[in-house]
Amino acid sequence: MAEEGAGGSGVRRGAADRDRDEEGLAAERGPGAAYHMFVLMEDLLDKLKLLNYEEEALRRHNMRPLSRHYFALPTNPGEQFFMFCTLAAWMITKAGHPFEQPQEYDDPNAVISNVLSELRSFGRPVDFPPSKLKAGYGEQVCYVLDCLAEEALKSTGFSWKRPVYPTEELEEEEITEDDAELTLSKLEEDIAEEESDNEENFIDLNILKAQTYRSDMNDIAKQEEILQSTTDTAEWNLEVERVLPQLKVTVRTDNKDWRIHVDQMHQHKDGIESSLNETRGYLDKLHNEISKTLEKINSREKYINNQLEHLVQEYRSAQALLSEAKDKYQEGSGGVTERIKVLSEITEVLERVKQETEEKGSSMTDGAPLVKIKQALTKLKQETIQMDIQIGVIEHTLLQSKLKEKSNMTRDMHAATIPETIIGAY
């Protein structure tokens, strides 16, 4: 159990070290490194649409179109890995390198090594382990597909052009009262047009001096004329009341103006600072309370340890006695097991002897052997009778054969003697 725990803690430490290394790399790259994969995925999706991947790749395999963050977030690793292999093979073949379309049951390590070798053949650097691609999502997957998409676009002869921005049509402002109503936007446009006209034209210093001198002289003459006014005050007030509605200036608030955003930022900053001050006070109180409770817990723990020290010593002595008793019990149980084995062997031998004695006693008292002997004797008698009959039959056949031989011999003898007598008569 200790070894397993040590192994598990080592694995956890290794995973924690890897996480720390990745966090360190991300910190070196900057705070936006964690979101770089989303930017890569959006660029990749645009390039795939330019390559017409829906018609050429997805419809052939009955697959759905990709979402904006398909390879950036984990959804279904098996499906994402198969989609990655399919798109990589399709783009490699589109880039001019023949590549076999991978199947579902192919070895993923072999497919990944083939894809990376093709990527290196295009001159693209690969500075990450191949195991990063086995999950089917992540920054490395987006990087590989983006590089292959660029190579496929190069092979098809596609070239990026400068963007053409659409012209925004300005909304016509509705004049509520008269054409003499002024707006801030018109004033700014007029000022900008005048500035652009002044920048386009060449400035002559002599003409500018003459104009300023003339304007100064006109202002002096007008001021001298104004010193003696001939207008009526009642008529002037009536004219002011009549023209006053036409002198309104309406300011249109534009949400895209940077000043509004700056004001909002300052407002949010003030709100954050006020809320931070409030929460800081609460957090300080909470910190003080937690530190006090921890000190109380430590003091109580020390007091309990001091009060229960003699009980702990008794418990330790009882544990030592228990361990000694367990050792003795194990020793005694070992001797008992050996004796039990010897006893079992002796009982087996005793049972064998009992069986042998029972067999011998049953054979001595039982009459079955006599019956068997009588049966064997009767069988022997029957066999001897049969043998006697067979012997008699054989003797009879031998006697008949001897008689036949004698009769044949006598007949032959008589046949041989008769011609001699006939010859003697002649």
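Cut-off values and rules
Residues numbered from 1 in each chain as written. Predicted model: local features only at pLDDT ≥ 70, side-chain atom pairs only at ≥ 80, totals over all residues. Heavy atoms only, no water. Helix = DSSP H or I, 4+ residues; strand = E, 2+ residues; numbered from the N terminus. Buried < 20%, exposed > 50% of the residue type's maximum accessible area, 1.4 Å probe, protein only. Contact = heavy atoms within 4.5 Å. Areas by Shrake-Rupley, 256 points an atom, 1.4 Å probe, with all protein chains shown as cover. Core = buried A, V, L, I, M, F, W, Y, C linked by side-chain atoms within 4.5 Å. Salt bridge = Lys/Arg side-chain N within 4 Å of Asp/Glu carboxyl O.

Brief notes about the overall build of the chain
Helix and strand counts for the chain come out as 12 helices and 2 strands. If you list the helices and strands of the chain from N to C, you get α-α-α-α-α-α-β-α-α-α-β-α-α-α. When the 426 residues of the chain are sorted by exposure, 14% land in the buried category. Here the analysis covers contacts within the chain between residues at least 6 apart in sequence; of these, 63% occur between residues at least 24 apart. Per element, the accessible surface of the chain, about 35800 Å² overall, is 56% carbon and sulfur.

Quick word on the nonpolar core
With 42 residues, the main nonpolar core has Leu-66, Phe-71, Phe-84 and Leu-87 as its most contacted residues. Elements supplying a minimum of two residues to this core: helix H2 (36-50), helix H3 (53-61), helix H4 (77-94), helix H5 (108-121) and helix H6 (139-156). Residue contributions to this core peak at 10 residues, all from H4. The residues contacting Phe-84, other than those within four sequence positions of it, are Phe-71, Val-115, Leu-133, Val-141, Val-144 and Leu-145.

Some points on the pattern of salt bridges
Going through the model one piece at a time under the given rule, you end up with 8 salt bridges. Of the charged contacts in the structure, one is a salt bridge between Asp-146 and Lys-47, with a shortest N-O distance of 2.8 Å. With a gap of 99 residues between them, Asp-146 in helix H6 and Lys-47 in helix H2 connect regions that are remote in the sequence. Taken together, the shared-partner salt bridges in this structure form one network comprising Lys-47, Arg-124, Asp-146, Glu-150, Glu-151 and Lys-154.

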